[in-house]
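Architecture at a glance
These are the residues of each chain, in order.
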Amino acid sequence: MTPDELLRTELARAAAAIGAPEGTTAALERPRDPAHGDWASNLAMTLAKPLGKKPREIAEALVAKLDLAAAGVASTEIAGPGFINFRLAAGARAGGLADILAQGAAFGRSNVGQNERVNVEFVSANPTGPLHVGHGRQAALGDAISALLESAGYSVSREFYYNDAGVQIENLAKSFWVRVAQASGIEAAIPDGGYNGDYIKEIAERFLSESGTPPHPALLAGAEAIAAGERPADAGLFEAMRRFAVAALRAEQDLDLKAFGVQFDVYYLESSLYTDGRVDETVRMLKKAGHTFDEDGALWLRTTDFADDKDRVMRKRDGTYTYFVPDVAYHVTKWQRGFTRAINVQGSDHHGTTARVRAGLQALEIGVPKGYPGYVLHQMVTVMRGGEEVKISKRAGSYVTVRDLIDEVGRDAVRYFFLMRKGDSQLVFDVDLARSQSEENPVYYIQMAHARLSGIFRVGEIDTATITGDGVQWDALAEEAERDLVASLLDYPRLVAGAAEALEPHRVAVYLLETARQVHLWYHKHHVLGEPEAILRARLALAKAARQVLANGLNLLGISAPERM
RNA sequence: GCGCGAGUAGCUCAGCUGGAUAGAGCGUCGGCCUCCGGAGCCGAAGGUCGUGGGUUCGAAUCCCGCCUCGCGCACCA
């Protein structure tokens, strides 16, 4: 147990002893002002109302009940309106470092999740083009959220949902047909709403060389049909092209993800929901539950019964389903596959769908919880280079892809930059800063801290395996910079737990930057090698512990922790 | 118009789920330093937390109104 955990338990015990109501939580925090001690609690203030006494009286009663020695507390004081301030014994303060050294990579992990199965869905791009920066933010976020949940003891499955059915894919197939026709010498134009990026040209070339050139008349007739807003008559050829294009684009996206170091456990195909009958089954169940109605020749779901702001069409007049139905069918599978918790990471431009998906699940009346699935929505990304915004233009077929970014600034920097801001604030990606090898670059700065600490052991020719907390005189860490660094390091488990609960990886990113700053500060002020034995040993332990915490945090974000740079 | 998100130092952003005198980096100004690993270190200036009310011992944080910006408001995903 770290000192604050000990203290927390003691406080809870004391609170119960003076008759605090059940469920009273003892808030314990690190005061901003060091003069207020190492830890402070507002417990007495929160108890003032239920106990009907003055906060300061309660504080005195609490202190009298505390076993200070057990919690490693040297002194207490009651301050301000009723804060209880705790000052730890010098040894107890730094003694927590022994925990870090003993737990190693496990430091910061917990078991609050109790192996609950969580499905984290992210990226889920349509296979209609390369992954762009928005997907990149999502990939970084989804992967980090997954890692956070794993570290909190959840059993996480990372999932990618391919929307490989529906109107967009139809448009892709038509655009592809046109490109194939063009490459075969036929004059044709990409239809409205189609995809005209250069990448489709390249795939069309590949199609021709791998599958041979299709019969000229069929291609021509198909192109004319597309121009008229219809499907090509040769259904077999159209289907073959659709498959080829989708497969090629999926392969491209896989390469993007691989370059980013993101691995999914499950790729779920929307098309499979049709072929295995789940879509029809979902419609049948919704009808059976009695929340559907017919109007204007379409089949509707009365989602307004379940907190949606308007009713939604399920089956269009032309007999095809809206995307909403497979979406519901898909989330039913998540529930049925045993995920009692589901989290969808999406761009905020999708937030309109959240209410209706939940409504659809409620309308089924199969016991899915109300807030299922949970959503983490993130705002847009703008890319800056040379002080100017890089415009994203799908129309011109030139937009910033994830792979462009990774090629230019490296995987670690891309990950950090996508994670350093709160998801719900807009993010400016400064390419020049991300690629700079200076301390202004936060990634470089954090990794440098890790490398510097590693350098101490390398230069001193010290095997880190020999560094443990055994027999270390912790009160040798008496400098202010050391006290601050130690406090930050011991704060790490709480920080990670909070980030996991809130699904906010940026807290880890911000923490790492601050901790790195403290490492640099300490490193510049105080030497390790060549100091007297007691100080040397304590500082080596501190260096190793700091390095461990930095590595653990970076690992959560999917960023490497280099030993030298 | 409705819904969601954002608005905090000159700039970019934190603010640990309601705590004590609101923080960091960059930039600006003043002063040191050249040491295991590369310009670092110390200090200063800089704030009506968009705005007006409310809730309470206490509000950047919770509630209501208003202003500005972004996203959405399809029988597209």
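Residues numbered from 1 in each chain as written. Chains lettered and ligands numbered in written order. Predicted model: local features only at pLDDT ≥ 70, side-chain atom pairs only at ≥ 80, totals over all residues. Heavy atoms only, no water.

Picture the strands of a sheet paired through backbone hydrogen bonds; they go either parallel or antiparallel. The sheet built from 3 strands is open, its strands ordered β8-β9-β10 with antiparallel pairing. With one partner strand each, in any of the chains shown, β8 (292-295) and β10 (312-315) form the two edges of the open sheet. For this sheet, the mean inter-axis angle between neighbouring strands, taken without regard to orientation, is 45°. The pairing of β8 with strand β9 (residues 298-301) spans 4 bridges and is antiparallel. Note on β9: the bridge partner recorded for E295 is A298. Docked against the sheet, helix α12 (residues 278-289) engages β8, β9 and β10, running at close to 125° with respect to β10. (Pairing = 2+ DSSP bridges. Helix = DSSP H or I, 4+ residues; strand = E, 2+ residues; numbered from the N terminus. Axes fitted to C-alpha atoms, helices over the stretch in contact; angles between N-to-C directions. Contact = heavy atoms within 4.5 Å.)

Another point: the packing of aromatic side chains. For the coordinates displayed, the defined rule picks out 19 aromatic pairs. Aromatic pair Y162 and Y267: ring centres 6.0 Å apart, planes at 20°, arrangement stacked. Of this pair, Y162 sits in strand β6 (residues 155-162) while Y267 is found in strand β7 (residues 266-269), placing the two residues 105 residues apart along the sequence. Relative to F244, the ring of F176 lies with its centre 6.2 Å away and its plane at 15°, an arrangement referred to as stacked. Linking F176 in helix α7 (residues 167-183) with F244 in helix α10 (residues 235-260), this pair joins segments that are 68 residues apart in sequence. In this pair, the class of F176 matches that of F244, namely buried. An aromatic cluster of at least three residues, connected via ring pairs, comprises F122, F160, Y162, F264 and Y267. (Phe/Tyr/Trp six-rings, centres within 6.5 Å; stacked < 30°, edge-to-face > 60°. Buried < 20%, exposed > 50% of the residue type's maximum accessible area, 1.4 Å probe, protein only.)

Now for the protein's contact with RNA strand B. By nearness alone, 53 residues border RNA strand B, and N163, Y323, H351, R458 and Y523 come closest of all. Of everything in RNA strand B that lies within 4 Å of the protein, sugar and phosphate atoms constitute 58%. Residue H350 places a side-chain N or O atom 3.3 Å away from a base nitrogen belonging to RNA strand B. Contact between RNA strand B and S425: a phosphate oxygen at 3.4 Å from a side-chain N or O atom of the residue. Contributing elements (two or more residues each) for the surface near RNA strand B: β4 (83-88), α7, α18 (442-459), α19 (480-502) and α20 (506-525). Element by element, the count of residues in the surface near RNA strand B is highest for α20, at 6 residues. Of the residues in the surface near RNA strand B, the class split is 18 nonpolar, 17 polar and 18 charged. (Near = heavy atom within 4 Å. Polar contact = N/O pair within 3.5 Å; in protein donor to acceptor, adjacent residues only side chain to side chain. Nonpolar A, V, L, I, M, F, W, Y, C, P; charged D, E, K, R; others polar.)

According to the domain assignment, chain A contains domain 1 (3-87), domain 2 (97-108 + 439-556) and domain 3 (167-255). Taken over C-alpha atoms, the centre of domain 1 sits 29 Å from the centre of domain 2. Opposite the 7 residues of domain 1 that make contact, domain 2 presents 5 residues. Here domain 1 meets domain 2 over a buried area of about 480 Å², counting both sides, of which 50% is carbon and sulfur. (Domains from an automatic or database assignment. Buried area = accessible area lost by both parts, 1.4 Å probe.)

Looking now at the nonpolar core. Core analysis: the largest hydrophobic core is formed by 96 residues, its most contacted members being F418, F429 and L489. Sort the elements by how many residues they give to this core and helix α21 (residues 533-557) lands first, with 13 residues. Residues F207, L208, L237 and M241 belong to the second largest nonpolar core, which totals 28 residues. (Core = buried A, V, L, I, M, F, W, Y, C linked by side-chain atoms within 4.5 Å.)

Quick look at the sheet that holds strand β13 (residues 381-385) now. The strand order across the open sheet formed by 3 strands is β14-β13-β15, and the pairing between neighbours is mixed. In this open sheet, the two edge strands, each paired with only one partner strand, are β14 (388-390) and β15 (427-430). Strand-to-strand, the axes of this sheet are offset by a mean angle of 40°, without reference to chain direction. Where β13 meets β15, 4 bridges bridge the pair, whose relative direction is parallel. Paired with V381 across the strands is L427, a residue of β15.

What follows covers the environment of I186. Looking at where I186 falls in the secondary structure, it is placed in the loop between α7 and α8 (198-211). Classification of I186 as buried rests on a relative accessible area of 6%. Here the alpha-carbon distance between I186 and L219, two residues 33 residues apart in the chain, equals 8.1 Å. If we ignore the near neighbours within four places in the chain, the residues touching I186 are A181, H216, L219 and L220.

Another point: the side chain of E121. Note that E121 resides in strand β5 (residues 117-121). What makes E121 buried here is its relative accessible area of 5%. A distance of 2.7 Å separates a polar atom in the side chain of E121 from a polar atom in the side chain of S124.

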